[in-house]
Amino acid sequence: MYTFVTLFGVILILGDYLSDVTLVLLGAGKATRFEMQPKKQWLYSGDRPLWLQVADEFRALYDFDEIIIVSSAEETAYMRFFADYTYVTGGESRQESLSNALAGVSTSYVLVSDIARCCLDHAMIGRILGHRGEADSVTPALSVVDTVYMDAQPVDRSKIRRIQTPQLSRTDILKNALSQGMEYTDESSAIAAVGGSVVFVEGSNTAHKLTTVADLATLPCIKQPSSRTLTGFGIDIHPFEEGKQMVLCGVKIDSPFGFKAHSDGDVAIHALIDALLGAAGMGDIGELFPDTDSAYAGADSTVLLEQVVSKINAFGYTIVNVDLSIIAQTPRLLHYKEPMRLAIARLLGIRANFVNIKATTAEKLGFLGRKEGVAVEAVANLTYFDWTKK
Ligand code: MG
């Protein structure tokens, strides 16, 4: 393990002044070429989403002053629940996202990497950081072994370089380069454009970027997701309101009254949404759809449920099963249980046997027994999306 010892030595030597480097991990792209239910940075590798595995591995390798993770606003709000990194909302382009992150960087150097370049080549990162201070940009590059043509003319391939990331930049020069109103595909070309110096270090053939589903087979650092099950619980209560259509689990119920509510008052779907959000650790229905927001006045709760399901799926979860208990003295729900079960299965996109609906009375006790309203309790189980089976 000579290489490891050598690399470890480099890290120790650099350890004293590495805190002058901030790491920026970019993950705000729309990833339209990755055709899978979850966003690619939310695929689970073992017990962690991919973005967290990458950040944790970088943190274990080097003593960065700060690690900044750039993603969409919806994602950063959720990422905060996972680990104590700095989260910044990205922009429309890679460069805009990077600029948003750089606004908060005060160290002399910044190492920029993409979350999608998820399998770290420790030796290459050691080479990049080892050349720190030698130029305004330290950039990994690969030579080209194939014959290269431009239009119909072969060109001298010894002059061709394929540029990779991560790249280490002088923060002030990179900030200046990105403020010139031009778009660049990487930091080294931005720095070169303002006359900064670029030094190339040997890149890595193993540091592939996760772009399409087929790339998963070539990235051994992404482990099979753990088989953990996450359970969530939800409860909701609504009072009756005369002359309103009653809806439970998206099914219209024949009754002289519906439910008093800001939305359509589907108390069963509200309890189910809270169970799903609970399992995913995403807060509650009121945070997602505030009843002070006029956009949700009279809202169709099935639409809210569909939004929650697509969010849960995008963040790497699969719904295993759900179970609901509806506590109603009136109306009688016996004949509605089956249509409700089928409706919920369709909304969740799971097989009908994974949905269970129970109806009970309150034995005439309390506000439910006095027929003042209905209460629903729900339980949901999630597991991590198994991308190995796709
Ligand atoms: Mg409610």
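Here the structure is shown first, and the text comes after it.
Structure report, in brief. (Residues numbered from 1 in each chain as written. Predicted model: local features only at pLDDT ≥ 70, side-chain atom pairs only at ≥ 80, totals over all residues. Heavy atoms only, no water.)

### Comments concerning the overall build of the chain
For the chain, the helix and strand inventory stands at twelve helices and 19 strands. Its C-alpha atoms give the chain a radius of gyration of 27 Å, clearly above 21 Å, the size a compact globule of 390 residues would have. Taking the principal axes of the C-alpha coordinates as reference, the chain spans close to 85 × 50 × 40 Å. For the chain, with 390 residues in total, the buried portion stands at 51%. Of all intrachain contacts in the chain linking residues separated by at least 6 positions in sequence, the fraction that spans at least 24 positions is 73%. Total accessible area computed for the chain in this model is approximately 18800 Å², and 52% of it derives from carbon and sulfur atoms. (Helix = DSSP H or I, 4+ residues; strand = E, 2+ residues; numbered from the N terminus. Rg over C-alpha atoms; globule rule 2.2 N^0.38 Å. Buried < 20%, exposed > 50% of the residue type's maximum accessible area, 1.4 Å probe, protein only. Contact = heavy atoms within 4.5 Å. Areas by Shrake-Rupley, 256 points an atom, 1.4 Å probe, with all protein chains shown as cover.)

### Remarks on the coordination of the magnesium ion
Taken together, Asp236 (OD), His238 (NE2) and His270 (ND1) make up the protein donors of the magnesium ion, found 2.1 to 2.4 Å from the metal. Residue classification places His238 among the buried residues on the basis of a relative accessible area of 11%. (Donors = N, O, S within 2.8 Å, 3.2 Å for Na, K, Ca; no water.)

### Some words on the side chain of Asn381
Relative to the elements of secondary structure, Asn381 occurs in strand β19 (residues 373-384). A distance of 2.8 Å separates the side chain of Asn381 from the side chain of Asn321, its partner in a polar contact. (Polar contact = N/O pair within 3.5 Å; in protein donor to acceptor, adjacent residues only side chain to side chain.)

### Focus on the pairing of β19
A regular strand carries its side chains on alternate faces of the sheet. With ten of twelve residues buried, β19 lies mostly within the body of the structure. Note that strand β13 (residues 229-242) and β19 share eleven bridges and pair antiparallel. By the bridge assignment, Ile235 is partnered in β19 with Glu377. Pairing between strand β17 (residues 317-327) and β19: ten bridges, direction antiparallel. Bridge assignment links Asn321 to a residue of β19, and that residue is Asn381. (Pairing = 2+ DSSP bridges.)

### Observations concerning the nonpolar core
Across soluble globular proteins, nonpolar side chains show a tendency to be buried alongside one another. Of all hydrophobic cores here, the largest spans 98 residues; its most connected members are Leu276, Tyr317 and Ile344. If you tally residues by element for this core, the top one is helix α8 (residues 267-280), at eleven residues. Not counting the four nearest positions on each side in its chain, Ile344 is found in contact with Cys249, Ile269, Leu272, Leu305, Val322, Val355 and Ile357. Core analysis: the second largest hydrophobic core is formed by 19 residues, Val24, Leu174, Ala177 and Leu178 among them. (Core = buried A, V, L, I, M, F, W, Y, C linked by side-chain atoms within 4.5 Å.)

### Section: the state of the cysteines
Scanning the entire structure with this criterion turns up one disulfide. At a sulfur-sulfur separation of 2.0 Å, the disulfide partner of Cys119 is Cys221. The chirality of the disulfide connecting Cys119 with Cys221 is left-handed, given an S-S dihedral of about -85°. Of this pair, Cys119 sits in the loop between β6 (109-114) and α5 (122-130) while Cys221 sits in the loop between β12 (198-202) and β13, placing them 102 residues apart in sequence. In this model Cys118 remains outside any disulfide bridge; the closest cysteine sulfur is found in Cys119, 4.2 Å from its own. Taking relative accessible area as the criterion, Cys118 reaches 0% and is therefore assigned buried. (Disulfide = S-S within 2.5 Å.)

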